[in-house]
Amino acid sequence: MIRKLRARDIMLRDVIVSHPDDLVAAANLKMVRANVGGVPVVEGDKLVGLITHRDILLAGGEALKLRVKDIMSQDLVVIDEETPISRISRIMADTGYQRIPVVRDGRLVGLITQSCIIKALADYL
């Protein structure tokens, strides 16, 4: 049953990431090539932020010359692997966030996107 699903059941595990010192242009290219709207930013395996196409657009014309750490979001909503799908869906509905990092002890272990939720629902139906 769909209500029993947890983050660990539906999260993306092979997550494309960026590093805080990467150029925004490089992060943008990763996102374009992977057809994703944002990527977690990690230092080692520790989650330190998130950068999205929207962040890049809001930073203006010079954004591509900046470092990821200059424009990434740092105040993140994160979940753990045991977070139920109902809670994840509620967070997304209330905040408008399209992606939520899944962490264990501050380390990135996965990513939940709106597509993960839709796929879980489609599989259930």
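As the structure is a computational prediction, the values presented were derived from the model and not from experiment. (Residues numbered from 1 in each chain as written. Predicted model: local features only at pLDDT ≥ 70, side-chain atom pairs only at ≥ 80, totals over all residues. Heavy atoms only, no water.)

**Examining the overall build of the chain**
Part 1 of the reasoning: Looking only at helices and strands, one finds 6 helices and 4 strands in the chain.
Part 2 of the reasoning: N-terminal to C-terminal, the α/β element order of the chain is α-α-β-β-α-α-α-β-β-α.
Part 3 of the reasoning: Its C-alpha atoms give the chain a radius of gyration of 15 Å, near enough to 14 Å, the size a compact globule of 125 residues would have.
Part 4 of the reasoning: Principal-axis analysis of the C-alpha atoms places the extent of the chain at approximately 50 × 30 × 25 Å.
Part 5 of the reasoning: Within the span of the chain, comprising 125 residues, buried residues form 38% of the whole.
Part 6 of the reasoning: A separation of at least 24 residues holds for 56% of the contacts in the chain among residues at least 6 apart in sequence.
Part 7 of the reasoning: Separation of charge centres in the chain, based on 18 positive and 16 negative side chains, amounts to 4 Å. (Helix = DSSP H or I, 4+ residues; strand = E, 2+ residues; numbered from the N terminus. Rg over C-alpha atoms; globule rule 2.2 N^0.38 Å. Buried < 20%, exposed > 50% of the residue type's maximum accessible area, 1.4 Å probe, protein only. Contact = heavy atoms within 4.5 Å. Lys, Arg positive; Asp, Glu negative; His and termini not counted. Charge placed at Lys NZ, Arg CZ, Asp CG, Glu CD.)

**Observations concerning the UniProt feature "domain: CBS" (unreviewed entry) in the chain**
Part 1 of the reasoning: Taking the numbering used here, the UniProt-annotated feature "domain: CBS" (unreviewed entry) corresponds to residues 11–66 and 72–125.
Part 2 of the reasoning: Helix makes up 32% of residues 11–66 and strand 23%, whereas the separation of the span's terminal C-alpha atoms amounts to 30 Å.
Part 3 of the reasoning: Helix and strand shares over residues 72–125 are 41% and 24% respectively, and the end C-alpha atoms of the span are 37 Å apart. (UniProt positions renumbered as here; feature names shortened; annotations may be inferred.)

**Observations regarding the environment of Y97**
Part 1 of the reasoning: Inspection of the secondary structure assignment puts Y97 in the loop between helix 5 (85–95) and strand 3 (99–104).
Part 2 of the reasoning: As a C-alpha pair, Y97 and K46 span 51 residues in sequence and 21 Å in three-dimensional space.
Part 3 of the reasoning: Those residues in contact with Y97 that sit more than four places away from it in its chain are V77, M92 and Q114.

**Brief notes about the packing of helix 5 against helix 6 (residues 114–124)**
Part 1 of the reasoning: One can describe the packing of helix 5 onto helix 6 by two numbers: an axis separation of 11 Å at closest approach and a directional angle of 135 degrees. Classified by the angle between their axes, helix 5 and helix 6 sit oblique to one another. Seen from above, helix 5 lies across helix 6 with left-handed handedness. Counting all contacts with helix 5, which are made through I85, I88, S89 and M92, the residues of helix 6 involved are Q114, I117 and A120.
Part 2 of the reasoning: Of the residues belonging to the contact of helix 5 with helix 6, the class tally is 5 nonpolar, 2 polar and no charged. (Axes fitted to C-alpha atoms, helices over the stretch in contact; angles between N-to-C directions. Parallel < 35°, antiparallel > 145°, perpendicular 65-115°, else oblique. Left-handed = near helix turned anticlockwise from the far one by under 90°. Nonpolar A, V, L, I, M, F, W, Y, C, P; charged D, E, K, R; others polar.)

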